[in-house]
Amino acid sequence: KCFSKSSPPSQITEPEEEDEVQGLKHHELNQLPKSKNNGRESNCSICLDNVRKGQYETYLFCFHSFHSECIELWLVKNNQCPVCQIDIREELAKV
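Please read these numbers as outputs of a predicted model, since none were measured by experiment.

**Q** For the environment of F66, give the residues involved together with the corresponding values.
**A** Relative to the helices and strands, F66 is located in strand 3 (residues 65-67). With relative accessibility at 0%, the residue F66 sits in the buried group. Between the alpha carbons of F66 and C44 there is a distance of 4.6 Å; along the sequence they are 22 residues apart. Those residues in contact with F66 that sit more than four places away from it in its chain are C44, S45, I46, Y56, E57, T58, L60, I71, C81, P82 and V83.

**Q** Explain the sheet that holds strand 2 (residues 56-59) residue by residue, including any values.
**A** The three strands lie next to each other as 1-2-3, forming an open sheet whose pairing is antiparallel. A single partner strand is all that each edge strand has here, and the edge strands are strand 1 (34-36) and strand 3. Direction aside, neighbouring strands of the sheet carry axes that sit 35 degrees apart on average. Bridging between strand 2 and strand 3 involves three bridges; their strand directions are antiparallel. Pairing of Y59 across the sheet is with S65, part of strand 3. Against the sheet, helix 2 (residues 68-75) contacts strand 1, strand 2 and strand 3, and its axis sits at roughly 100 degrees relative to strand 3.

**Q** Talk me through the side chain of E91; I want residue IDs and the actual numbers.
**A** Within the secondary structure layout, E91 lies in helix 3 (residues 88-94). Residues within four places of E91 in sequence aside, it is in contact with F61 and I86.

**Q** Tell me about helix 2, residues and numbers included.
**A** With six of eight residues buried, helix 2 lies mostly within the body of the structure. Along helix 2, the residues that are buried comprise S68, E69, C70, I71, E72 and L75. Of the surrounding elements, those touching the buried residues of helix 2 are helix 1 (26-29), strand 1, strand 2, strand 3 and helix 3.

**Q** Before we move on, could you go through the nonpolar core and cite the residues and values that matter?
**A** Generally speaking, nonpolar side chains in soluble globular proteins are found buried as a group. Counting 16 residues, the largest nonpolar core has L24, L32, L60, L75 and I88 as its most contacted members. Of all the elements in the fold, those that place two or more residues in this core are helix 2 and helix 3. If one sorts the elements of this core by residue count, helix 2 sits on top with three residues. Setting aside chain neighbours within four positions, we find L75 in contact with G23, L24, L29, L32, L60, Q80 and I88.

About the cut-offs
Residues numbered from 1 in each chain as written. Predicted model: local features only at pLDDT ≥ 70, side-chain atom pairs only at ≥ 80, totals over all residues. Heavy atoms only, no water. Helix = DSSP H or I, 4+ residues; strand = E, 2+ residues; numbered from the N terminus. Buried < 20%, exposed > 50% of the residue type's maximum accessible area, 1.4 Å probe, protein only. Contact = heavy atoms within 4.5 Å. Pairing = 2+ DSSP bridges. Axes fitted to C-alpha atoms, helices over the stretch in contact; angles between N-to-C directions. Core = buried A, V, L, I, M, F, W, Y, C linked by side-chain atoms within 4.5 Å.

This is a description of form; function is not addressed.
Written as structure tokens, this is what we have:
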């Protein structure tokens, strides 16, 4: 089920062992664009639920969007888009 409510995404803490971390760090997550859904039809391919009006969405460089909380939980463990596998850290370095 969906983690997202109509409140802003929660603070995600980073794992302590940085050598084992391949996901994004908190400051990297904050660089990704987020916005409240304004009623546009959208689905989160992580939780498979609809992104409803007023829920926060995060957009990746590949133009895939997800519930903000879903993709943040994904990206602290992985550095790639769950749909197309684009490397988000590499894309952030280009900005």
